[in-house]
Every structure is written in C-alpha cells, then in structure tokens.
Number of protein chains: 2
Amino acid sequence: MKCEVIAVGTELLLGDVVDTNSSYIGSQLAMSGIDSHFQVKVGDNLERITECISTAAQRSDFIIMCGGLGPTQDDITRNAVAEVMGVPLVRHPELVEKIQAVFAGREMTDNNLVQADLPEGATAIPVMGGTAPGFVCEFKNAADESIVLYAVPGVPWEMMEMMDWVTEDMRKRSGFSGVIKSCILKTWGLPEAELAELLAEEIERLDSESEAGSHDNSASATLAFLASGWEGLKVRITAKADSEAEAIKILQHEEAAVRKILPDELIFGKDEETMETVVLELCKKQGLKLAVAESLTGGLISSRLTAVAGSSDVFLGGVVSYAKDVKVAVLGADPEKLAVSQETASAMAKGAISKLGADCSLAVTGVAGPDPLEGVEPGTIWIASVLDGECETVNIKFPFDRERTRQFTVITALNMFRTRLLKKMST
Amino acid sequence: MKCEVIAVGTELLLGDVVDTNSSYIGSQLAMSGIDSHFQVKVGDNLERITECISTAAQRSDFIIMCGGLGPTQDDITRNAVAEVMGVPLVRHPELVEKIQAVFAGREMTDNNLVQADLPEGATAIPVMGGTAPGFVCEFKNAADESIVLYAVPGVPWEMMEMMDWVTEDMRKRSGFSGVIKSCILKTWGLPEAELAELLAEEIERLDSESEAGSHDNSASATLAFLASGWEGLKVRITAKADSEAEAIKILQHEEAAVRKILPDELIFGKDEETMETVVLELCKKQGLKLAVAESLTGGLISSRLTAVAGSSDVFLGGVVSYAKDVKVAVLGADPEKLAVSQETASAMAKGAISKLGADCSLAVTGVAGPDPLEGVEPGTIWIASVLDGECETVNIKFPFDRERTRQFTVITALNMFRTRLLKKMST
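## What to know about the sheet that holds strand β17 (residues 390-397) of chain B
Here's step 1: The strand order β17(A)-β16(A)-β15(A)-β13(A)-β14(A)-β14(B)-β13(B)-β15(B)-β16(B)-β17(B) describes an open sheet built from 10 strands, whose pairing is mixed. For this open sheet the edge positions go to β17 (390-397) of chain A together with β17 of chain B, each flanked by a neighbour on one side alone. With strand direction ignored, the average angle separating the axes of adjacent strands in the sheet is 10°.
Here's step 2: The sheet contact formed by strand β13 (residues 290-294) of chain A and strand β15 (residues 360-366) of chain A spans five bridges and is parallel. Across the sheet, A:Ala293 pairs through a bridge with A:Ala363, a residue of β15(A).

## Observations regarding the relation of the copies chain B and chain A
Here's step 1: With an axial shift of 0.1 Å and an RMSD of 0.1 Å, the rotation relating chain B to chain A amounts to 180°. In short, the pair behaves as if placed about a two-fold rotation axis.
Here's step 2: Most of the interface of chain B is mirrored in chain A: 100% of its interface residues are interface residues there too.

## Section: the pairing of strand β2 (residues 38-42) of chain B
Here's step 1: Among the five residues in β2(B), five count as buried, and that is most of the element.
Here's step 2: The two faces of β2(B) match: B:Phe38, B:Val40 and B:Val42 on one face and B:Gln39 and B:Lys41 on the other face are all buried.
Here's step 3: Bridging between strand β2 (residues 38-42) of chain A and β2(B) involves five bridges; their strand directions are antiparallel. Of the residues in β2(B), the one forming a bridge with A:Gln39 is B:Lys41.
Here's step 4: Looking at chain direction, strand β1 (residues 3-8) of chain B and β2(B) are connected through four bridges and run parallel. Pairing of B:Val8 across the sheet is with B:Val42, part of β2(B).

## Re the interface of chain B and chain A
Here's step 1: Contacts between chain B and chain A engage 56 residues on the former and 56 residues on the latter.
Here's step 2: The contact between chain B and chain A buries some 4200 Å² in all, and 56% of this surface belongs to carbon and sulfur atoms.
Here's step 3: The largest share of the area that chain B buries against chain A comes from B:Leu13, B:Gln39 and B:Tyr322, three residues that together contribute 13% of it.
Here's step 4: Across the salt bridge formed by A:Glu51 and B:Arg59, the nearest N and O atoms sit 3.1 Å from each other.
Here's step 5: Remark: the boundary between chain B and chain A carries 32 residue pairs in polar contact (both at pLDDT 80 or more).

## Examining a negative patch on the surface
Residues and elements named next belong to chain A.
Here's step 1: A cluster of acidic residues, Glu 201, Glu 204, Asp 207 and Glu 211, forms a negative patch at the surface.
Here's step 2: Within the fold, Glu 201 resides in helix α7 (residues 192-213).
Here's step 3: By relative accessible area, Glu 201 is classed as exposed at 70%.

## Considerations on the pattern of salt bridges
Residue and element names in this part refer to chain B.
Here's step 1: In total, this model carries 38 salt bridges over all chains according to the counting rule given.
Here's step 2: Across the salt bridge formed by Glu 4 and Arg 59, the nearest N and O atoms sit 2.8 Å from each other. With a gap of 55 residues between them, Glu 4 in strand β1 and Arg 59 in helix α3 (residues 46-59) connect regions that are remote in the sequence.
Here's step 3: A relative accessible area of 0% places Glu 4 in the buried class.
Here's step 4: Relative accessible area serves as the criterion here: at 15%, Arg 59 is assigned to the buried category.

Scoring rules and cut-offs
Residues numbered from 1 in each chain as written. Chains lettered and ligands numbered in written order. Predicted model: local features only at pLDDT ≥ 70, side-chain atom pairs only at ≥ 80, totals over all residues. Heavy atoms only, no water. Pairing = 2+ DSSP bridges. Helix = DSSP H or I, 4+ residues; strand = E, 2+ residues; numbered from the N terminus. Axes fitted to C-alpha atoms, helices over the stretch in contact; angles between N-to-C directions. Least-squares fit on C-alpha atoms with pLDDT ≥ 70 in both. Contact = heavy atoms within 4.5 Å. Buried < 20%, exposed > 50% of the residue type's maximum accessible area, 1.4 Å probe, protein only. Buried area = accessible area lost by both parts, 1.4 Å probe. Salt bridge = Lys/Arg side-chain N within 4 Å of Asp/Glu carboxyl O. Polar contact = N/O pair within 3.5 Å; in protein donor to acceptor, adjacent residues only side chain to side chain. Patch = residues over 30% accessible without salt bridge, like charges linked within 9 Å, V, L, I, M, F, W, Y side chains within 5 Å. Areas by Shrake-Rupley, 256 points an atom, 1.4 Å probe, with all protein chains shown as cover. Lys, Arg positive; Asp, Glu negative; His and termini not counted. Charge placed at Lys NZ, Arg CZ, Asp CG, Glu CD.

This is the structure in structure tokens:
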C-alpha cells in the first residue's frame, strides 16, 4: 500500500514556511507500515493542485492532502478534489453547526462557512481540532482503480489531531493488520562511524533474519541511525509483528541486545528522555538540589533544565557570570586567575553551591569565540562539578563556531555530570 | 521561467529529516525572480527518481535536484540523471584531484571517487564546499524542449554554497535581467489581522500600481506578512526593477512609507536584527551595563543575549533565581511576599543591579504552569526593569502552555525594556 502526500501552499514553495507537516505525516505512515514514495509541494493554484492529485492517483493507492482547507480565497483544496472527482461541492449542515460552535459567541465572518463544503461523496473526518473539517473520499483514477484521498488542515496541530484517525482508517481499508513498534535510544560520546561499526554485526544479523522470514511477513526488527546535531546520535529500533504483544516482545529483546553491545554510559536516554530530564531524574532519586554557574553558555544550561516541568523539585537556579567581575563578586573566583581556567571553573562550581544553597553544582567557563579571551583560544572549555563536596574538572577543546561551541558545551557538561551521578548511584 | 525542485532522500519521506533544503532553494529562486510551481521529495530509488525528473522535464524549464550525490550506494542521483539523458557516467580526472585534495593526507576510501563521475555532457559546478561536486547539464524532454538540470548536494551548507552560482546561471540562461531586492521589518505588539488592516490601503495602492505597469515589466513593490511564532510578525517588502540602483530606491521608498503608517515602536528591527541585538545596541549607545534576573524563563533571556557576538560589551550576567529561596538569598527579595508579585519582580531587578554592579536591569517572575504557584494562576507574569535608578513594572497574563508562556515572556520583557531605552534616548 502506497500513500502520496501533497502539501498545498504557495508559502511552502517560496520557502517562507518549512514543510514540517509532510515530515510528520511521513513518519506516521512509516509507523503504520504504509510506504510513501512521493511527497509533493504545490501552490494555491487550482490547475496545478488537480494535476498533482491526478499524478498521485496514477502511482499511489492513498493520497493525503495537507493545507488549503481554510476560509480564504486561497484555500482551494476542496475545489481541486471536487474537480478531479467530477462532482460539485455540497454544504454539510452538521459541519456548519460545528464551525459555528467553534466561534461560540465570538464574531464569525461568513467565509468560514465554506469550510463546511465537501466534495459530493466525501465524508468529514470525525476528529476536529480547529475550524477546518478534514475529509475522506474515494474516486477512480484514469485506470479505473479506486483511490482513497484524505484532506487534512495545514495548521500543524490540527493536522496532527487527525492523523491517528487517518492512519487507522488506511490500515482498515488496506487490511494491514501488522503492528509496528519502535523506540529510540539516545547516545552521546561516539561518532556515527564508530557507533555503526559496533552495531554492524547486529544489523547484519537482523538483515539476514529479515530476508529469511520475509516471504511470510513474519516478525522482524531493524536498526536505524538518526543524527540529531548537538543532541547526539539516536539508534531507532523498529519491530514489526502480527500482534502488539509480539511486536513489544521483539522490541524489548532487541533493545536489550543493543544495550549489551554498546558501552554502558553511551546510551543516556530513551524516547522522550533528554540529557536534562535524565540529570534531573538522577538528582531527584538521590534527593539532591542542583545549582549551575554558566559563563559562555550564558543561561542555556539553566534554560534547558527549567524547560522540564517539575524541574523545581531539583533545580534551585544559577548564576550567569558572563563578565569576569561577576565571577569574582558573586561566585568568589580569584581575579588573579584566568577567566577560563581550572581554578575559575572550580570556584564557580563551589560558589554556586554556597550562594544558592545547593547540594551539587555544575559550572562551565570557556571561550565561545570568535576572539580569544585573556589569550586563551576560542573553543577552550573548562567544566567543573561539585558532588558530595568533591570538585571534578574537565578540559575540552572544541573546533566549532561560536554557537556550536556553546551548544556542544551544554550537552557535554550535562553528560559529564550525568556520568558522575551514575557512578555515585552505583557505589 | 519555471524551476522544479527535486529533493532526493528516503529519510525525507520517512520524516527522519525535515526538508529545509527545498525551502532554502525556493526562497533563493523567489529572490532571483524565478517561479517554482512544484517541489517534490523522492526516495533513493532509481526508477522513482528518473520518473520525477521526467515529470519535471515536462512541466518546468529548470530542474534543481538536491541530495544523492554522496559516495554511498544509496547516492544515485548521478545515475538517474544519466539514465534520463540516455548517456553513460564519465569520470572527470580534475574532479578526482579535487576530491583527493579535500581528503589531503587523511585516508580516503575508494567509493569517494564515484563523486567524480558525471553524466556525459554535464559540467561540474565551479563551487565546491565539501567532497561532492554539483553539476549542470542540458537535455531534451519528451516534447524535444531543452531542459536545464542542476544537481547539488543534500548537505545544507554545501548546497547553500552553490546556490548563488546556480541562480546566477539560471538568470543568464533565461535572460532575466531584472533585480529583486527585499528587506524584512520585524514587528511586535499587534496581531496579524490588525497589522494587515493598518497596511491594507498601502497594499491596495501597490497592487493597482503593479497591475497598471505589469505589461512592460516596470518596477514594482509588494508587501507580504510572515508570521514567526514568538518572534513576532514580519513585514517583507520586495522591490523589483530593471537595475539594482532602481530596486534599492524603490525598496527604501516603500520602507519609509510603511514606517510612516505603522506606530513608531511597533517595528523593533530590520533583517538580521533581533529583539536582543536591538536591546544590546541601545544599551551600548548609552554606555550602559546590563544584568538580568530570571525565574520562569530560567536562563532564556540571558542565553539569547549571550548568543549575540560582542554582547560582553553590555551584558554582565544574570541570576536564574528559580527557587524562592534564591530570590531571597541572592537578590534580596522579601520572603513574606509572593514569588510572583510586583514586589518580588522589583526586588529581583534591584538585586541584579546591586549584586552584579550593573547600570540597568531586567527581571521576570511568573507562573509557567501547568500548576499554580502559591495560589497564583499559570500564565501570570511580572516584569520589572531598573533604568536610571527607577524601577518600572508590568503585569501580564498569558493563556499559553508552559513553553509558550516562557518564550512569550522573554520577548515581551525584552520589548518592554527596548521601549524604555528608546524613551530614555529621545528625552
């Protein structure tokens, strides 16, 4: 079963808006076991939209159209679909009511009512987040084959609300009963080439298992690497089976196999976990209050920690000691030492403990660039952490530009602290 | 002249990677006066890539292919183009040398040499950022029309390096001599509907001017609104004329017209300026040192300010007083007052001045949510700033989720401070 995605909107072609919707839909299709071989962006032009639908109808079984369902004159997806189907648009009274209900009491301009017009024969998708109903319809392509088309809104969260229903409907129609489960293991510390080498044998083993069993669609697992910039490398494990229970079992088995192969501390988290949620969790387990002292990262570490709901259970706060004077006056650093040095990093970490009343702390000082600081080269970083009264420091040299240096420092510092907390837990 | 963009890569269809390349290429085409009506994503499959090229060749004059030029067996763009052209691949010795030079001294696996293979008749693009050369070639479509195809790498910065050359080449070939210049005015404070209303007359005036002169391709200007989430609303002014000098003149004239129509403080910056670069610039002009005290924003304000190169001329640092105790102990807030109150915000702003030795300060305290804090509802924000020894406060209520509340607070606080600094400058 193949599904083509058509994203409608001139702003997409102009690059004013990046097409994240197709990417989301594509990942949802993949998770539902449905292939997507083509994804197209087209502008708010009736002729070209109908051309895209016709092209898609010749080569795909399903079509998902995203965008162009709003109330303005640029919103012509409904019209294009009706034209391809050779039917008129029909106003649905129950949808008129729903739209009016969304505006409940507020003023509603009449043009909003066009959103209640569906191509004759189409049904509204029974999930509605905003004012634009999505719809599903069936029609025949030029070769008289039956094509199913779904139209969903271009507003990301409105589209996401509908996608579960859409993929479920596609699965019912295509008789695809298999279950796909996946998890993502997040790693930090090894480059992709080395990670791939460590897992090469396992990937080969899974490949040959899959080939051996593929003719009867039996259960299988695959590994994939996803780079995520300064968030590290992700290993996605995907398990496919006939039942949910079986898929979960295969997934857990494969996860255990991967964890056995990779060095203990390489995997810092899974799925929704981030370096900061993991650090906060480790502190929370040990009843520790955390404070941070930042220089070049300028608040990034604190802001990532505080982005986590419930971080106040652990995180007391921090000092952004950007100017050297502030390192001295607020954190007690020695003005005779270099701003970027082991001594200053240690003083900052200890200062964070005493000033904020914390149990443990993390401090970073470094030269983001592009210029040297007090003669110290850009990319030079000192990270210090205090735990159980003991201060440990690490010196790093990054070859990056200013922003990458800041971002890599954040995750490296959090990771260093994570491994310290893990070591403490295991002793 | 129409250009179709084909982004090659299975990871794009799976949603593992968002297609930002097509968006960038689309915006570059728009700036070069070249229309793009279709942009397609296709996977690493020879048959489907050739199908996309053939489809594009029927409906567009130019094709830009992005991705699939690397050294692995999945990189088959070269092969697909050669197949459509009906020619073999030819290894270019000068490209072999270039590739070897990139690896200079380091080990280079042989597969990298396939990047020196171009379809017979194609020429390498004379700009090369990484190891994959791009190429340009001409061929006839099914209707015997001449089509020009450019193939560029999928690595974003490598593609961006080549795009100036590509658009320049397209312009030469299409005889398009017009010049397009644009600028972006960044606004904060009015919703899009109101902004559109204020500029409605001007947009209408430009539209009728454009219609009147369109038959002889004379100079024109257009306005467009671009939403950018919590960065505000952007008004993009685009001027088109026969010469660069004329285009710049039209642009400046239109910018002045827009600035005259919009309220003085609505436009906070232009093009690369951000709320924080503007605030830092205003402080710098007045020789002021700035410190920040943050609670719910947890370091976001500091990190945005420190992301700006040269911010150390102005920014001393800040305190992230996430826990109430830290507001009290470090900044001198009154423990008897609510953490989220006018009194605490003022104390935080004054504390930042005295503890960090600053001339001016900005402080925010609020309830990010999802739970209330000391009985204060989520979305309740107090912003305080100290300037010339005087403290001003503002109370805001946001209806957003946790992360949006944090982000909107950042820009609202910076904007409040910006207007204070502007007022000071004009007195």
